[in-house]
Amino acid sequence: MPLEDEDPARWRGQQVNGKVSSTPRLRGTGDPPPRGMPAPDGSRTEAMAEGWEPGPALGDGDVTPRGSLQRVAQEPGCHEEALMAELSELVQKAVKSSSWWERHGVDISILACSFLLLPAGFLCLQSAQAIPFLVGVLTLGVVHHTLTVKGSHLASHNALTESKSWGKVWAIFFIELCSAFTAEQGTYNHVKIHHGYTNVIGLGDSSTWKLPFLNRYIYMFIAPLAVPIITPLVALDLLRNVEWKAALRTLCCMFLGLYCHYWLLLRISGFQSPWSALLCMLLTRSLLAHPYIHVNIFQHIGLPMFAADQKPKRIHLMSLGVLNLPRNALLDWSFGHSLISCHVEHHLFPSLSDNMCLKIKPIVSQYLKQKKLPYNEDTYTSRLRLFLQRYEELMVHAPPITELVGIQ
C-alpha cells in the first residue's frame, strides 16, 4: 500500500482547506495553482527551504516548542530526506504486518453501522415525546457526520479500499451523494492543495476558513450552523471548473441525496409540512458543525506558516504545521482518528485509514520525539481559548511567515 499520494494535480479548483470535501469554501488569501500544476517536487509534496527564526509556542499545550525551530535549522536537507525515508520504512513494516481488518475493515464497519442506524433515527422522529424525538435527531446527526466527514475524508484519500476503481465509486457516493459536494473539486482541494502545500501561505495555509468580516463569537458559535446551506451552494459554484459530464453527475447525486433525506422525513418520520422537514434536515446536518469548523482551524492555524519557495522538507513541514487533539469518543467515531488525535500521522501518511493512523501513532510520535522534531499536541479547550483570545491575529490578519535559515 503506498504511503503518500502520488497522482499529479488534474483539476483547477478553489481551496477547501478543510479535512473533508463537503466543506464550504470560505474565501481567503490565495488561489490554488493553475490547472495541471503538480504537487511540490513533482508528486512527493516535499519542498525547498532556507531557514527560519524561532517563534513562541501558541496555546497551553506542547505546541511547536521554541527549541524545535532551532533544531530544524541545523538539519541538512539530505538528512531530512533520510529521516522521512527511515520513518516511512518503520510505518511500512507496520502496514505490511497488519490484517485487512486493521487496514480497512474497522473503518468500513463503522460506516456500515452508521447506515444500519438510519432506520432507527427516522423512526424515533415519529414520536411526539421529547426524549425519543431528540434521540432521533442525535442519531441522524451523528450518522450524517460519520458518512459525510469520516466517509468523505477516507474516500478522498482512497483509504477505504486498495482498488482505485472502487475508490472513485466510494468518493462519488460519500462526497457527492452524502455530502452534496463535488468529488473532483473536493479531492483536488483537500488532497492536492491542503496536503501538498500544508501551511504554505496562499495555498494550504487554511486561509479559506477565514471570514474576517465576522467577529469571533459569531464565527466560532453561530456561523457553523450555516454549513449545511453553504456547502451545496459552494459545490454549485465549483461545478464551473469541471467537465460537463462530471457536473451533470454531481448535480444528480446532490439532488438525489438531499431529496432522499427530505422524502424519508416526510414518509417515514411523518413530518406534516415541507418546512418542518427542511428545518429538521438543517438541525441534523449542523449537529456537529461547530467541532467540524473548530477542528479544521485548530490543527493548523497558529502554527508556523511558510512561503511557497521557502519551506522545510516534508517531515519538518508536517511536524511543524500540524497538531493533534486528544481522543474523543464522539469525534473519533464521527470524524475519524486521522482528523482528531492522529492528524500528524495522517499528514505524514495520508493514504492510511483512520484505524491504521491510530496504530502507527506510537511509532510516529516516538520517532519524532527521538529525533527531537516537533510533535504538536494540545487540548480542544486550550485551542478554543487561544482562538477566542487571539482571533484578530489568527483569523483576521495575514499569518506571519516563518523564515527558515540554514536548510538547503
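With an unreviewed UniProt entry as reference, the protein is termed FADS6 desaturase, source organism Thalassarche chlororhynchos.

There is a patch of nonpolar side chains on the surface, built from Leu123, Phe255, Tyr259, Trp263 and Ile268 and spanning about 510 Å² of accessible area. Among the elements that take part in the nonpolar patch, helix α9 (residues 244-267) stands out by supplying 3 residues, more than any other. In this fold, Ile268 is placed in the loop between α9 and α10 (274-285).

This brings us to the pattern of salt bridges. Applying the stated rule across the entire model yields 12 salt bridges. Ionic pairing is found between Glu162 and Arg103, a salt bridge with its closest N-O pair at 3.1 Å. Taken together, the positions of Glu162 in the loop between α4 (130-156) and α5 (164-178) and Arg103 in helix α3 (residues 100-124) put the pair 59 residues apart, joining distant regions of the chain. Across the pair Arg249 and Glu184 runs a salt bridge, and its minimum N-O distance is 2.7 Å. Of this pair, Arg249 sits in helix α9 while Glu184 sits in helix α6 (residues 183-195), and the two are 65 residues apart along the sequence. Accessibility expressed as a relative area gives 10% for Glu184, which makes it buried. Linked by salt bridges that have partners in common, Asp107, Lys150 and Asp354 make up one network.

With that settled, the discussion passes to the packing of aromatic side chains. Using the criterion set out here, one finds 13 aromatic pairs in the structure. With a centroid separation of 6.1 Å and an interplanar angle of 80°, the aromatic rings of Trp170 and Phe173 are classed as edge-to-face. Linking Trp170 with Phe173, this pair stays in helix α5, spanning 3 residues, or about one helical turn. Residue Phe173 is classed as partly exposed on the basis of its relative accessible area of 24%. Members of the aromatic cluster, joined through ring pairs, are Phe115, Trp166, Trp170, Phe173 and Phe174.

Cut-offs applied
- Residues numbered from 1 in each chain as written.
- Predicted model: local features only at pLDDT ≥ 70, side-chain atom pairs only at ≥ 80, totals over all residues.
- Heavy atoms only, no water.
- Patch = residues over 30% accessible without salt bridge, like charges linked within 9 Å, V, L, I, M, F, W, Y side chains within 5 Å.
- Areas by Shrake-Rupley, 256 points an atom, 1.4 Å probe, with all protein chains shown as cover.
- Salt bridge = Lys/Arg side-chain N within 4 Å of Asp/Glu carboxyl O.
- Helix = DSSP H or I, 4+ residues; strand = E, 2+ residues; numbered from the N terminus.
- Buried < 20%, exposed > 50% of the residue type's maximum accessible area, 1.4 Å probe, protein only.
- Phe/Tyr/Trp six-rings, centres within 6.5 Å; stacked < 30°, edge-to-face > 60°.

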